[in-house]
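Examination of the molecular architecture
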Amino acid sequence: MSLVADIQTKPLTATLHYLKRGSEKPTRYVEEPPPGVPQWNGIDDPREIPIADARGRERDFTLDRNGFQLVRSPSRVGDFYAPEEVERIYYSEVETLLRDTLGVSRVKIFDHTVRNAARAGAREPARRVHNDHTVNSAPRRVRDHLGEEAPELLKRRFGIVNVWRPIRGPVQDSPLALCDARTFTDGDLIASDLVYRHLRGETSSVEYKPGHRWYYFSDMQPDEALLIRVHDSAADGRARLSFHTSFENPLAVGAPPRESIEVRALVFF
């Protein structure tokens, strides 16, 4: 059963930006890099990739099987560009959504990002195939945000989930493509540094493999949210992550710039 009634699927082919594996660790400076150091030393590897439209098959995709899941999730937030309102109302909504959907015992939201290429202060959609963390940086998040509790919490299953939502719909410009976790291995990931002024984080870039299978949900609306598995410590056969990217939609040239919000949360089982 589709979450959106009477909609035709829109499969397409688009350029996705993978990364070539090189001799140096890929490093991106969010702000000005040191003198003589490039802002980004990664080697772009653009590929023309078929992307299937998962409309009409929403229930076929789950976090445990595919690493992503679409849910119906209306919000009471009036202005997603107001950080105080997002933190006061939306964080609570996301926590409830994650508890109800995943059955977790604890949720710790640690940041959010608003994207709109046409608005000052908002970030543009990311065009690089990536995952937000690595097996090393995920537990570091627990230590960073939960301090003395971290050693005990890390003894049991935990994860990181990205909750991605349109601010306005339908999303046609720069939709989000997601790779089915059953079609890649950890060997496809390339640990990459993300350097801020006072912090060096680690994310995963991705090496192209022909077996990767990509999906998107066409024309997403603000009452829908994508749950994306960034990390799961369980090693029992379930999907431990999925990688994703925005892409230039060849079926919607000239569409209004995408407006979206993503919230990242630690979850404990």
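Above this text you will find the structure in question.
Residues numbered from 1 in each chain as written. Predicted model: local features only at pLDDT ≥ 70, side-chain atom pairs only at ≥ 80, totals over all residues. Heavy atoms only, no water.

Some points on the packing of aromatic side chains
A complete count under the given rule lists eleven aromatic pairs for this structure. On the basis of an interplanar angle of 85° and a centroid distance of 5.6 Å, the ring pair of Tyr 216 and Phe 247 is categorised as edge-to-face. Pair noted here: Tyr 216 is in strand E11 (residues 214-216) and Phe 247 is in the loop between strand E13 (244-246) and strand E14 (260-268), with a separation of 31 residues, a long-range link. Each of the two residues, Tyr 216 as well as Phe 247, counts as buried. Linked through ring pairs, Tyr 18, Phe 184, Tyr 208, Trp 214 and Phe 243 together constitute an aromatic cluster. Lying across the ring of Tyr 81, Arg 119 places its NZ or CZ 3.8 Å from the centre. Directly above the aromatic system of Phe 269 lies the positively charged group of Arg 157, at a separation of 3.6 Å from the ring centroid. (Phe/Tyr/Trp six-rings, centres within 6.5 Å; stacked < 30°, edge-to-face > 60°. Helix = DSSP H or I, 4+ residues; strand = E, 2+ residues; numbered from the N terminus. Buried < 20%, exposed > 50% of the residue type's maximum accessible area, 1.4 Å probe, protein only. Lys NZ or Arg CZ within 6 Å of the ring centre and 35° of its normal.)

Structural notes on the environment of Val 230
Locating Val 230 in the fold gives a position in strand E12 (residues 224-232). Taking the C-alpha atoms as reference, Val 230 lies 5.4 Å from Val 161; in sequence the two are 69 residues apart.

Overview of the side chain of Glu 259
If you trace the backbone, Glu 259 turns up in the loop between E13 and E14. When its relative accessible area of 15% is taken as the criterion, Glu 259 is described as buried. Of note is the side chain of Glu 259, whose polar atom sits 2.5 Å from the side chain of Tyr 81. Apart from residues lying up to four places away in sequence, Glu 259 is in contact with Tyr 81, Arg 115, Asn 116, Arg 165, Pro 166, Ile 167 and Arg 168. (Polar contact = N/O pair within 3.5 Å; in protein donor to acceptor, adjacent residues only side chain to side chain. Contact = heavy atoms within 4.5 Å.)

Here we look at the pairing of strand E8 (residues 176-179)
Of the two faces of E8, the one lined by Leu 176 and Leu 178 and the one lined by Ala 177 and Cys 179 are each fully buried. Taken together, the three bridges between E8 and E13 define a ladder with antiparallel strand orientation. Bridge pairing in E13 places Ala 177 opposite Thr 245. Of the strand pairs in this sheet, E8 and E11 are connected by two bridges, and their pairing is antiparallel. Across the sheet, residue Cys 179 finds its bridge partner in E11, namely Trp 214. (Pairing = 2+ DSSP bridges.)

Here we look at empty space enclosed by the protein
Regions of empty space are outlined by a rolling probe, equal in size to a water molecule, passed over the atoms. Counting across every chain of the model gives one cavity of 30 Å³ or more. Computed from the structure, the largest cavity encloses a volume of approximately 30 Å³. Forming the boundary of the largest cavity are Trp 164, Val 171, Pro 175, Leu 176, Phe 217, Met 220 and Leu 226. Along the lines of polarity and charge, the residues of the lining of the largest cavity split into seven nonpolar, no polar and no charged. (1 Å grid on protein atoms, 1.4 Å probe; cavity = no way out; pocket = protein on both sides within 12 Å on 5 of 7 lines; lining within 4 Å. Points joined across faces, edges and corners; volume = space filled by probe spheres on them. Nonpolar A, V, L, I, M, F, W, Y, C, P; charged D, E, K, R; others polar.)

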